[in-house]
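What follows is each chain in one-letter form.
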Amino acid sequence: MKTETLSRQTALEPFVHKNGNGLRHTAAKSRKLTTRQIKNLETRIREKLRETHEDIKILNGSISEELPTQPYSSSIADNADGHAEREKIVRESNHLLKLCRALEDALTAIKNGTYGICTVCGGNIPYNRMAATLVAKQHCECK
Ligand SMILES: [Zn+2]
């Protein structure tokens, strides 16, 4: 009975489909963050922001110390090293600035009541992900 086999397969198909899409489905249906969870995360965000500001200050300090180098007295190799070192500091500093902005965005989102809500699908982002990243704006799957 060929038709019977076929219809049985069709009947099974939604299950297969659901399995394949399982992760996204769970993520989208996550529970909303509780006020207490948000409060916890907010404290951590503020702490992290303070730390990051501190790190930027230190980095900026090391850049301005580095800047007045004497290009003619040092060897080419020293110069290249100094240059690479400064590049590294600038890159790190940019990274920290970006992090600062993300943390400030997160605080704004908390104020606006949009914290923990995926900007792509509008679903709730799981607490675990928010606790791990502090600044996530999307589900892993929506990114
Ligand atoms: Zn999403």
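As the structure is a computational prediction, the values presented were derived from the model and not from experiment.

Calculation criteria
Residues numbered from 1 in each chain as written. Predicted model: local features only at pLDDT ≥ 70, side-chain atom pairs only at ≥ 80, totals over all residues. Helix = DSSP H or I, 4+ residues; strand = E, 2+ residues; numbered from the N terminus. Buried ≥ 20, exposed ≤ 12 C-beta atoms within 10 Å, placed from the backbone. Contact = placed C-beta atoms within 7 Å. Core = buried A, V, L, I, M, F, W, Y, C linked by C-beta atoms within 7 Å. pLDDT = per-residue confidence, 0-100.

J.: What am I meant to see in the overall build of the protein chain here?
T.: Regarding its fold elements, the protein chain presents five helices and zero strands. Start at the N end of the protein chain and walk to the C end: the helices and strands fall as α-α-α-α-α. Counting every position in the protein chain, which comprises 143 residues, the buried fraction comes to 10%. Contacts in the protein chain between residues at least 24 apart in sequence constitute 68% of all its contacts with a sequence separation of at least 6.

J.: Can you walk me through unusual backbone geometry in this structure?
T.: With the exception of glycine, the majority of residues adopt a negative phi angle, and the majority of peptide bonds are in the trans configuration. Phi is positive for Leu134, close to 70°, though the residue is something other than glycine. Take Leu134: it is sitting in the segment after helix 5 (127-133). Leu134 gets classed as partly exposed once you count the C-beta atoms within 10 Å, which come to 19.

J.: Honestly, the environment of Ile45 in this entry has me stumped. Any pointers?
T.: Mapped onto the elements, Ile45 comes out in helix 3 (residues 35-66). A count of 22 C-beta atoms within 10 Å places Ile45 in the buried class. Between the C-alpha atoms of Ile45 and Leu107, which are 62 residues apart in sequence, the distance is 7.5 Å.

J.: Which parts of the structure should I look at to understand the nonpolar core?
T.: For soluble globular proteins, nonpolar side chains are generally found buried alongside one another. Counting residues in hydrophobic clusters, the biggest one holds 10 residues: Leu33, Leu41, Ile45, Leu103, Ala106, Tyr115, Cys118, Ile125, Met130 and Ala136. Among the secondary structure elements, those contributing two or more residues to this core are helix 3 and helix 4 (76-112). Beyond its immediate stretch of four places on either side in the chain, Ile125 contacts Ser30, Gly116, Ile117, Cys118, Met130, Ala136 and His139.

J.: Please explain the environment of Lys48 as it appears in this structure.
T.: Within the secondary structure layout, Lys48 lies in helix 3. Taking C-alpha positions, Lys48 is 8.6 Å from Cys100, a pair spaced 52 residues apart along the chain. When neighbours within four sequence positions are excluded, Lys48 is seen to be in contact with Leu103 and Leu134.

J.: Can you help me understand the confidence of the model for the protein chain in this one?
T.: The predicted coordinates ought not to be read in detail in places where the model reports low pLDDT. For the protein chain, per-residue confidence averages 80 on the pLDDT scale, and residues scoring 70 or more make up 69% of the total. By mean pLDDT, helix 1 (residues 2-20) is the weakest element of the protein chain at 44, and helix 5 is the strongest at 97.

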